[in-house]
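# A closer look at the structure
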Amino acid sequence: MLHVVDEPVKVRAPAKVNLHLAVGDLRDDGYHELATVFQALSLYDEVAVTRADALTVSVKGEGAREVPLDENNLVWRAAQLMAEKAGRSPRVHIAIRKGIPVAGGLAGGSADAAATLVALNTLWHLELSRSELSELAAELGSDVPFSLRGGTAMGIGRGEQLLPVLSRSTYHWVLAFAKGGLSTPAVYKELDRLRESGTPPRLGSADDLMHALTVGDPDALAPLLGNDLQAAAISLKPQLRRTLRAGKDAGALAAIVSGSGPTCAFLCRDAEDAVSVGVEVSATGVCRTVRTATGPVPGARVIETDSGP
Ligand code: C5P
C-alpha cells in the first residue's frame, strides 16, 4: 500500500497550438528541423506531486485510461531526471488530472512533464532557474521547453530552442477533440512518405505571421496560420477534412490541425463567436467534443502548495 505523506505541490500547465509549423528535412538523429510559432492555450493539465515511498503515477480525467503509469510516461522520466540533478531518489507520487486530450497534438504529455519539473523544483526546494529547467525540459521532449515557458514563442531546431515573439491581444479558439489520437512519430513519417512520393506544399517563412501577432488582429492572423503536418494528419485520418470544413462553415476565421493532430483548432473573432462556432461544430457530430480556449497564457506554474500539518 502506497504511503503518501505531506506537502502536495500542485502545478498547472497549458496546451499549445502551433500557429505556424514549418517542417524541414529529416536530420540524422531522426528529428526534423522545425521553424514553428507556438501559442499556449487556456486548456490545462494539473499535476500534484507528493512525497511518497516510491515513484508512482496516477491519472484522472480526459483520456486517462490511455496514459501509461510507468517509465513510458514522460512525468516518470521527468522525476528521474530531476532526482539525478538533485542527487536524490525520486520518491514521489505524481497525480495527473488531464484536461488536455491524449495524443491530440496539443502537447498534453509535454505539459505534464513541464509541470513535474516545476513541482519537484518546489517540493525539493532546488531553486533551479527557469533556464536550467528549460535545459532539462529539452532532454524530455521537443515541446517540453515551450510548455514550461508558455505565452507565444518561436521554436527552432527540433522545436526545443525558443525565441521570444511579440504578441498583442488575446485570441479566441475552439478546439475540436477527435475520436482517438494520432502518434506524433507516425505523422512525421507520413509526411516523409508524402514528400517522397510527391511535392506537398511547404510553408514559407513566419515573418508575416509574426508581424500580424504584433498588430493583434485575428482577421489578419487567420489567413497566415499554417501547418506542414496537416496534410500528413489528414492522410492518416481523412475525416479531419470534415472537421476542418465544419469549423469554417460555422464561421471560424481559420481552421487548422493542431500540431500532429488530430485536434482541430478554429480561430474565432471574439469570445462570443467562439461559443457559437463551438455549438455549431458540436451539433454536426464531426468530433468527439469541443472546448473553447484563449491564448496566449503563461506556462507551467505552481497553483497551490500545502506545507502540511
Ligand atoms: O521530441 P519528442 O519526443 O516529443 O518527439 C516525438 C517524435 O516526433 C520524435 O521521435 C520524432 O519521430 C518526431 N519529431 C520529429 N521532429 C521534430 C520533433 C518530433 O521528427 N522536430
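Positions within a chain are numbered from 1, following the residues in the order the chain's sequence is written. Given that this is a predicted model, residues contribute local features only at a pLDDT of at least 70 and side-chain atom pairs are listed and counted only at 80 or more, while totals for whole chains, interfaces and linings are drawn from all residues.

## Observations regarding helix H6 (residues 207-215)
What counts, and what does not: In this scheme the burial state of a residue depends on its C-beta neighbours within 10 Å: 20 or more other such atoms mean buried, 12 or fewer mean exposed, and anything in between means partly exposed; the C-beta positions come from the backbone. Numbering of helices and strands runs from the N terminus; a helix is a DSSP stretch of H or I covering at least four residues, while a strand is a stretch of E covering at least two. Directions drawn from the helix axis to the C-beta atoms are what define this arc.
Those residues of H6 that sit buried are Leu209, Ala212 and Leu213. For H6, the buried positions fall inside an angular range of 105° around the axis, keeping them on one side. Across from the buried face of H6, at angles greater than 90 degrees, the exposed residues are Asp207, Thr214 and Val215. A positive phi of about 85° marks Gly216, the residue just after H6.

## A closer look at the confidence of the model for the protein chain
Let me state the cut-off plainly: Scored between 0 and 100, pLDDT is the confidence that the predictor attaches to each residue.
When pLDDT is averaged along the protein chain, the result is 96, and 96% of the positions lie at 70 or above. The ipTM value of the predicted complex is 0.98, and its pTM value is 0.95.

## Some points on the site of the ligand
The test is simple: We call a residue near a molecule or strand when the C-beta position, derived from backbone atoms, sits within 6 Å of it. Domain segmentation is taken from an automatic or database assignment of domains.
Lining the immediate environment of the ligand, one finds Gly30, Tyr31, His32, Leu34, Gly141, Ser142, Asp143, Arg158, Gly159, Thr184, Pro185 and Tyr188. Sorting the residues of the shell around the ligand by element identifies strand S2 (32-51) and helix H5 (184-197) as the ones contributing at least two each. Ranked by residues supplied to the shell around the ligand, first place goes to H5 with three residues. Shared between two domains, the shell around the ligand holds at least three residues of each, these being domain 1 (5-165) and domain 2 (171-295).

## Some details on the UniProt feature "domain: GHMP kinase N-terminal" (unreviewed entry) in the protein chain
As a reminder, the rule being used: UniProt positions are given in the numbering used here, feature names are shortened, and annotations may be inferred rather than shown by experiment.
Here, the residues flagged by UniProt with the feature "domain: GHMP kinase N-terminal" (unreviewed entry) are residues 73-151. Secondary structure across residues 73-151 divides into 58% helix and 9% strand, with the first and last C-alpha atoms of the span separated by 25 Å.

## Some points on the sheet that holds strand S9 (residues 254-257)
So the rule is basically this: Two strands are said to pair when DSSP picks up at least two bridges between them. Axes here mean lines fitted to C-alpha atoms, for a helix over just the part in contact, with angles spanning 0 to 180 degrees between N-to-C directions. The contact rule is simple: place each C-beta atom from the backbone, and if two of them lie within 7 Å, those residues are in contact.
Ordered in space as S9-S10-S7-S11, the four strands form an open sheet in which the pairing is antiparallel. Bordering the open sheet on either side are S9 and strand S11 (289-295), each of which pairs with just one other strand. Averaged over all pairs of adjacent strands, the angle between strand axes in this sheet comes to 25°, irrespective of strand direction. Sheet strands in contact with helix H9 (residues 240-249) are strand S7 (171-177), S9 and strand S10 (264-268), and its direction is about 10° off that of S10. Relative to the sheet, helix H10 (residues 271-284) contacts S7, S10 and S11, its axis offset from that of S7 by approximately 15°.

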